[in-house]
Protein chains: 2
Amino acid sequence: MEKRTDHIVKSYDDELDQIDHIIAEMGVLAARQLEDAIQALVKEDTALAQKVVLGDAAIDALENEVDALAVRVLALRQPMALDLRRVVAAMKIGGSLERIGDYARNIANRSQVVTALPGEYGGIRVIERMGGIVGEMIHGVLEAYRDANVERAEAIRLRDEAVDQLNNSLFRELLTYMMETPSNITLSMHLLFIAKNLERIGDHVTNVAEHVHVMVTGESLESERPKSDHSSQIISEKP
Amino acid sequence: MEKRTDHIVKSYDDELDQIDHIIAEMGVLAARQLEDAIQALVKEDTALAQKVVLGDAAIDALENEVDALAVRVLALRQPMALDLRRVVAAMKIGGSLERIGDYARNIANRSQVVTALPGEYGGIRVIERMGGIVGEMIHGVLEAYRDANVERAEAIRLRDEAVDQLNNSLFRELLTYMMETPSNITLSMHLLFIAKNLERIGDHVTNVAEHVHVMVTGESLESERPKSDHSSQIISEKP
């Protein structure tokens, strides 16, 4: 990966392109952090988990860079219409990608605890599946941003439903499992929080999709985004 | 509360003031939603919880309003220096307040489940205390934004430590409690997620404090914010 400190600014178009490049880089980094965090969990790889924890600072630094560059462009270039909305969207999307990085770091932290604990649980496969979908959503929404493609953004936004549903069923299953084997409660708890983190990453991706919509159309979405996360209302199957 | 659809725009200063007013309104609303959600939990008041769930849409609408107004000011007024940073900060802070509203709604949803479940747990007092601190932090950081007061923003940012520590000790306590009384696992789980939501609200308040810092000084904070949330690494006291 090239160092970002050597960004050289030449023209207005270059500056806008540079903002896009940093967002793309943040997206690639966030998706990789997530993927590594999930692999650290699945393969019980604490070194990889540590790498994710340390790697989060790079995403934070890129967010500051996007913001600084955006303010600079707004001040010196006074962009209009689509260009203006592109700069605003970049700041918003940068914020979402930074949060996604935070969640990946949190998953990596928890994966180390899960690895250290005795016991095993098949639900990790569900988490792996959720992670895979969410990772694809991150890549997809960044392509939608790059191509200013509203339809693609909308398609990504609708995929979040699948993530919510996996989270709901895992939540239910893990609660039951905890009651049956209280000795595995700590393990189950961390898996529940990991699944919740993935569900929140999905929410942030749908937010990014909404920013793409606003950027392209100039209109905010009227409808509430579809929400199928009912885990906050779940009572276990064996109360 | 006055309706916000009748915002009448007169001058550049009016427009900037209007952005500030909407942010202040969002802040008051978010703090009240949080307070009501905690009260719904403590007093087992499902009607109040329902009110919070329905009330979240108002915060979302205000965020869209801030963004639309900010883009308008950027396009038509081309603000410079502090004014420009103020508009950018408003968009960022609006995003954080919207997330805080989401967490309050999630707490309200969970409070209804907790109310419906048998059993009782003293830890609710700790949650009430965390909610009180976080509520004060929201009010405080919005005063810091209003007064462009960096010292106050920094003081608020440091209070997040207390929230993290309460969350850590509650997490530890609840894990132990779950193992001792598996019949109360569902209740305990929801309380853990509520505490986690409060910890995340605290994180968003520190983000807002950082945006105030950037707005006033034009510089982003060099240092990582102090983080004492170690709950992702906690193993129960009785493993």
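Quick note: structure is the one above.
Residues numbered from 1 in each chain as written. Chains lettered and ligands numbered in written order. Predicted model: local features only at pLDDT ≥ 70, side-chain atom pairs only at ≥ 80, totals over all residues. Heavy atoms only, no water.

Engineer: For this particular structure, what's the right way to read the overall build of chain A?
Structural biologist: The helix and strand tally for chain A stands at 6 helices and 0 strands. When the helices and strands of chain A are placed in sequence order, the string is α-α-α-α-α-α. In terms of overall size, chain A behaves like a compact globule, its C-alpha atoms giving a radius of gyration of 19 Å where 239 residues would be expected to give roughly 18 Å. Per-residue burial over chain A gives 58% buried out of 239 residues. Relative to all contacts within chain A whose residues are 6 or more apart in sequence, the contacts with residues 24 or more apart total 83%. Element-wise, carbon and sulfur atoms account for 52% of the exposed surface of chain A, whose accessible area totals about 9500 Å². (Helix = DSSP H or I, 4+ residues; strand = E, 2+ residues; numbered from the N terminus. Rg over C-alpha atoms; globule rule 2.2 N^0.38 Å. Buried < 20%, exposed > 50% of the residue type's maximum accessible area, 1.4 Å probe, protein only. Contact = heavy atoms within 4.5 Å. Areas by Shrake-Rupley, 256 points an atom, 1.4 Å probe, with all protein chains shown as cover.)

Engineer: Honestly, the packing of aromatic side chains in this entry has me stumped. Any pointers?
Structural biologist: Two measures describe an aromatic ring pair: the distance that separates the ring centres and the angle between the ring planes. Scanning all chains against the criterion turns up 3 aromatic pairs over all chains. Note on F193 of chain A and F171 of chain B: the rings are 5.8 Å apart at their centroids and 40 degrees apart in plane angle, and the pair reads as tilted. Pair noted here: F193 of chain A is in helix α6 (residues 185-217) and F171 of chain B is in helix α5 (residues 150-180), and the two residues belong to different chains. A relative accessible area of 1% places F171 of chain B in the buried class. (Phe/Tyr/Trp six-rings, centres within 6.5 Å; stacked < 30°, edge-to-face > 60°.)

Engineer: Please clarify how the packing of helix α3 (residues 81-116) of chain A against helix α3 (residues 81-116) of chain B should be interpreted in this entry.
Structural biologist: Two packed helices can be described by the angle between their axes and the distance between those axes. α3 of chain B packs onto α3 of chain A with a crossing angle of 45 degrees between their chain directions and a minimal axis gap of 10 Å. Of the possible angle classes, the one that applies to α3 of chain A and α3 of chain B is oblique. Crossing of α3 of chain A over α3 of chain B shows right-handed handedness. Contacts between α3 of chain A and α3 of chain B involve V88, M91, K92, G95, R99 and Y103 of chain A from the former and V88, M91, K92, G95 and Y103 of chain B from the latter. (Axes fitted to C-alpha atoms, helices over the stretch in contact; angles between N-to-C directions. Parallel < 35°, antiparallel > 145°, perpendicular 65-115°, else oblique. Left-handed = near helix turned anticlockwise from the far one by under 90°.)

Engineer: What exactly am I supposed to notice about the relation of the copies chain B and chain A here?
Structural biologist: Relating one copy of the chain to the other takes a rotation about an axis and a shift parallel to that axis. In screw terms, the move from chain B to chain A is a rotation of 180 degrees and a rise of 0.0 Å along the axis, fitting with an RMSD of 0.0 Å. The transformation relating the two chain copies, once decomposed into turn and shift, fits a two-fold axis. Both copies contact each other with a shared surface, as 100% of the interface residues of chain B are interface residues in chain A too. (Least-squares fit on C-alpha atoms with pLDDT ≥ 70 in both.)

Engineer: Which parts of the structure should I look at to understand the pattern of salt bridges?
Structural biologist: Close approach of charged atoms allows side chains of opposite charge to pair. All names here are of chain A. Tallying each qualifying case throughout the model produces 36 salt bridges over all chains. A salt bridge links R77 to E15, with the nearest nitrogen and oxygen atoms 2.8 Å apart. Taken as a pair, R77 in helix α2 (residues 46-77) and E15 in helix α1 (residues 12-42) lie far apart in primary sequence, 62 residues in all. When the shortest N-O distance is used, the salt bridge between E199 and K196 registers 3.0 Å. Residue E199 and its partner K196 are located together in helix α6, separated by 3 residues, close to a single helical turn. Through salt bridges that share partners, D17, D20, D83 and R86 make up one connected network. (Salt bridge = Lys/Arg side-chain N within 4 Å of Asp/Glu carboxyl O.)

Engineer: What is the right way to read the interface of chain B and chain A from this model?
Structural biologist: By convention, interface size is frequently given as the accessible area that disappears when the constituent parts associate. Taken residue by residue, the interface counts 47 residues in chain B and 48 residues in chain A. When the two sides are added together, the surface that chain B and chain A hide from each other amounts to roughly 4200 Å², 61% of it contributed by carbon and sulfur. Of all residues in chain B, the largest losses of buried area upon contact with chain A belong to R99, F193 and S232 of chain B, amounting jointly to 13% of the total for that side. The interface formed by chain B and chain A includes 4 salt bridges. Linking E63 of chain A and K92 of chain B is a salt bridge whose minimum nitrogen-to-oxygen distance equals 3.5 Å. Where chain B touches chain A, the interface holds 8 residue pairs in polar contact (both at pLDDT 80 or more). (Buried area = accessible area lost by both parts, 1.4 Å probe. Polar contact = N/O pair within 3.5 Å; in protein donor to acceptor, adjacent residues only side chain to side chain.)

Engineer: Just checking my understanding: could you explain α3 of chain A for this structure?
Structural biologist: In an α-helix, one turn spans 3.6 residues; hence positions three or four apart end up facing the same way. With 36 residues, α3 of chain A should cover 52 Å at 1.5 Å per step; its first-to-last C-alpha distance of 53 Å lies within 8% of that length. In terms of burial, α3 of chain A is largely enclosed, as 28 of its 36 residues are buried. (Expected span 1.5 Å × (residues − 1).)

Engineer: It is not clear to me how the side chain of H204 of chain B should be interpreted in this structure. Could you clarify?
Structural biologist: By the secondary structure assignment, H204 of chain B is in helix α6 (residues 185-217). A relative accessible area of 3% places H204 of chain B in the buried class.

Engineer: Would you take a moment to explain the packing of α3 of chain B against helix α4 (residues 124-146) of chain B for this structure?
Structural biologist: Residues and elements named next belong to chain B. Packing of α3 against α4 brings their axes to within 13 Å, and their N-to-C directions diverge by 160 degrees. By the angle class used here, α3 and α4 are roughly antiparallel. Two packed elements cross with a definite hand, and for α3 against α4 that hand is left-handed. From α3, R86, A90, I93, L97, I100 and V114 reach across to α4, where they touch I124, I138, L142 and Y145. In terms of residue class, the contact of α3 with α4 is made up of 9 nonpolar, no polar and 1 charged. (Nonpolar A, V, L, I, M, F, W, Y, C, P; charged D, E, K, R; others polar.)

Engineer: It is not clear to me how helix α4 (residues 124-146) of chain A should be interpreted in this structure. Could you clarify?
Structural biologist: Here α4 of chain A spans 33 Å end to end across 23 residues, near enough to the 33 Å set by a 1.5 Å rise per residue. A positive phi of about 50 degrees marks A148 of chain A, the residue just after α4 of chain A.

Engineer: Just to check I follow, could you spell out the environment of T217 of chain B for this structure?
Structural biologist: All names here are of chain B. Tracing the backbone shows T217 in helix α6. Once residues lying within four places of it in the same chain are set aside, the contact partners of T217 are R85 and V150. A distance of 3.0 Å separates a polar atom in the side chain of T217 from the backbone nitrogen of E219.

Engineer: Explanation requested: the environment of R200 of chain B in the structure shown.
Structural biologist: Relative to the helices and strands, R200 of chain B is located in helix α6. What makes R200 of chain B buried here is its relative accessible area of 7%. If we skip the residues at most four places from it in the chain, R200 of chain B touches R99, Y103, N106 and N197 of chain A together with Y103 of chain B.

Engineer: Help me understand the environment of A70 of chain B in this model?
Structural biologist: All names here are of chain B. In this structure, A70 sits in helix α2 (residues 46-77). On the basis of relative accessible area, A70 is assigned to the buried category, the value being 0%. The sequence separation of A70 and E15 amounts to 55 residues, and the corresponding C-alpha distance is 8.8 Å. If near-sequence neighbours (up to four positions away) are discounted, A70 is found in contact with I19, V87 and M91.

Engineer: Explain unusual backbone geometry to me, please; I cannot follow it from the model alone.
Structural biologist: Where the residue is not glycine, phi is negative for most of them; where a peptide bond is considered, it is trans in most cases. Its identity is not glycine, yet A148 of chain A carries a phi of approximately 50 degrees, on the positive side. Look at A148 of chain A and you get partly exposed, because its relative accessible area is 33%.

All quantities given are derived from atomic positions and should not be read as evidence of function.
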